[in-house]
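Spelled out from the first residue to the last, the chains are:
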Amino acid sequence: MLTHHVALLGYPVAHSLSPRMQNAAFATRGLDWRYDAFDVDDVVAAVGALLTLGFAGTNVTIPHKQAVVAACDEAEGDAVNTLVFRDGRVIGHNTDKEILAGIHARRACVIGAGGVAAALAPALPEDTRTFTRSGAWPPDATGCDLVVNATPVRDEVLVELDAGQTVVDLAYGDEETALVAAARAAGCAVVDGREALVRQGAASFRLWTGLEPPVDVMRAAVALGLAP
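Now for a description of the structure that goes with this document. (Residues numbered from 1 in each chain as written. Predicted model: local features only at pLDDT ≥ 70, side-chain atom pairs only at ≥ 80, totals over all residues. Heavy atoms only, no water.)

1. Observations concerning the sheet that holds strand β4 (residues 74-75)
Heads up, the condition is: Paired strands, as defined in this entry, are two strands with at least two bridges between them according to DSSP. Runs of E in the DSSP output that reach at least two residues are strands. Runs of H or I that reach at least four are helices, and both are numbered from the N terminus.
The strand order across the open sheet formed by 6 strands is β2-β1-β3-β5-β6-β4, and the pairing between neighbours is mixed. At either end of the open sheet lies a strand with only one pairing partner, and these are β2 (33-39) and β4. In this structure, strand β1 (residues 4-10) lies alongside strand β3 (residues 57-60), joined through 4 bridges in parallel fashion. Opposite A7, over in β3, you have T58 as the bridge partner.

2. Digging into the side chain of N149
Convention followed: Accessible area is worked out with a 1.4 Å probe on protein chains only. A residue is then buried under 20% of its type maximum, exposed over 50%, and partly exposed in between. The term polar contact refers here to a pair of N or O atoms within 3.5 Å; inside protein, the definition further demands a hydrogen-donor-capable atom paired with an acceptor-capable atom, and it admits residues adjacent in sequence only when both atoms are side-chain atoms.
Within the secondary structure, N149 sits in strand β9 (residues 146-149). Relative accessible area serves as the criterion here: at 2%, N149 is assigned to the buried category. Of the polar contacts made by the side chain of N149, one reaches the side chain of T151; its length is 2.7 Å.

3. Digging into the nonpolar core
For clarity, the threshold we go by: In these notes, a set of buried Ala, Val, Leu, Ile, Met, Phe, Trp, Tyr and Cys residues joined through side-chain atoms within 4.5 Å is what counts as a nonpolar core. In this description, contact between two residues means that some pair of their heavy atoms is separated by no more than 4.5 Å.
Counting 19 residues, the largest nonpolar core has V6, F26 and W208 as the members making the most contacts within it. Where this core is concerned, the elements lending two or more residues are β1, α1 (18-28), β2, α5 (193-209) and α6 (215-225). Counting residues per element, this core draws most heavily on α5, which supplies 5 residues. Sequence-distant contacts of F26, that is, excluding residues within four places in its chain, are made with V6, L31, W33, R34, Y35, F205, W208 and T209. Counting 16 residues, the second-largest nonpolar core is a separate cluster that includes V40, V43, A46 and V68.

4. As for the packing of α5 against α6
To keep it simple, the criterion reads: Axis lines are fitted through C-alpha atoms, for helices just across the contact stretch, and the angle between N-to-C directions can take any value from 0 to 180 degrees. Orientation labels follow simple angle bins: below 35 degrees gives roughly parallel, above 145 gives roughly antiparallel, 65 to 115 gives roughly perpendicular, and whatever is left gives oblique. In this scheme the crossing of two helices becomes right-handed for a clockwise turn of the near helix relative to the far one and left-handed for an anticlockwise turn of less than a right angle.
Running from amino to carboxyl end, α5 crosses α6 at an angle of 140 degrees, the nearest separation of the two axes being 10 Å. Comparing their axes, α6 and α5 come out oblique. Crossing hand, α5 versus α6: right-handed. In this structure, α5 uses R194, E195, L197, V198, G201 and A202 to contact α6, whose residues at the interface are V215, M218, R219 and V222.

5. Structural notes on the pairing of strand β10 (residues 166-169)
Quick note on the threshold: Here the term right-handed applies to a crossover when the path leading from its first strand over the helix to its second strand runs clockwise, the strands being oriented away from the viewer.
Here β10 shows a buried face lined by T166 and V168 and a second buried face lined by V167 and D169. Pairing analysis gives 4 bridges linking β9 to β10, with the strands arranged parallel. Opposite L146, over in β10, you have T166 as the bridge partner. Both β10 and strand β11 (residues 189-191) contribute to a ladder of 3 bridges, which runs parallel. Opposite T166, over in β11, you have A189 as the bridge partner. Once the chain exits β10 it traverses helix α4 (residues 178-186) before rejoining the sheet at β11, and the crossover so formed is right-handed.

6. So, the packing of aromatic side chains
To be explicit about the condition: For this analysis, a ring pair means two rings from Phe, Tyr or Trp (six-membered ring only for Trp) whose centres lie within 6.5 Å, classed as stacked if their planes differ by under 30 degrees, edge-to-face if by over 60, and tilted for the remaining angles.
If you walk through the whole model with that rule in mind, you get 3 aromatic pairs. A centroid spacing of 5.5 Å and a plane angle of 25 degrees characterise the contact between F26 and F205, whose relative ring orientation is stacked. You can see F26 sitting in helix α1 and its partner F205 sitting in helix α5, a full 179 residues away along the chain. Given a relative accessible area of 0%, F205 falls into the buried group. For the pair Y35 and W208, a centre-to-centre distance of 6.0 Å together with 55 degrees between the ring planes defines the contact as tilted. Here the residue Y35 occupies a position in strand β2, and W208 occupies one in helix α5, the gap between them amounting to 173 residues. Note on Y35: relative accessible area 1%, which makes it buried.

Bear in mind that shape data such as this cannot, by itself, settle questions of function.
Here you go:
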């Protein structure tokens, strides 16, 4: 019988590399834990079901990072991506902000305004411009030292880049995204979607288990999952 079970809730999640990454981390630390991904429409009901089943916690991804706050007894802000279940209580944490750890920016350009952008907000500089197709468009990163793609767009370069900027692209797929390729060509520092996945996932692992995550193992698992 499994000692602990954790999950990923979102829609769609079939493409996610989180199960491969987290299960590799659990195995490396000798933990009898399992991580599975579930497509859900009603995330609050899904969290209730996981509690009933005795899960230890869950990750939450698009499009539920804001809606899941309603399922929390305590929540770290208006958008969370990691829940810890303890003594019947649901504690919501934001490990997405760890994606920007170590990045010191004075002005940022953020593309997208959904749950992902909301989760990153605490780590963004006060001078942050947000661009969405329903609001200010097209994105303008002039004078910004940080550019963040918080949308799932992978095959389009949505903004003009300059050398010296740091580009964080949260989207990932089987191949490098168009934005990441353009950023590397322009001489930007890059945090791609794979590294972003590892950074937030490592913080989630620490919250659930109380152990230090095997980050190199997690990176290798993500790279293997994207290998042709």
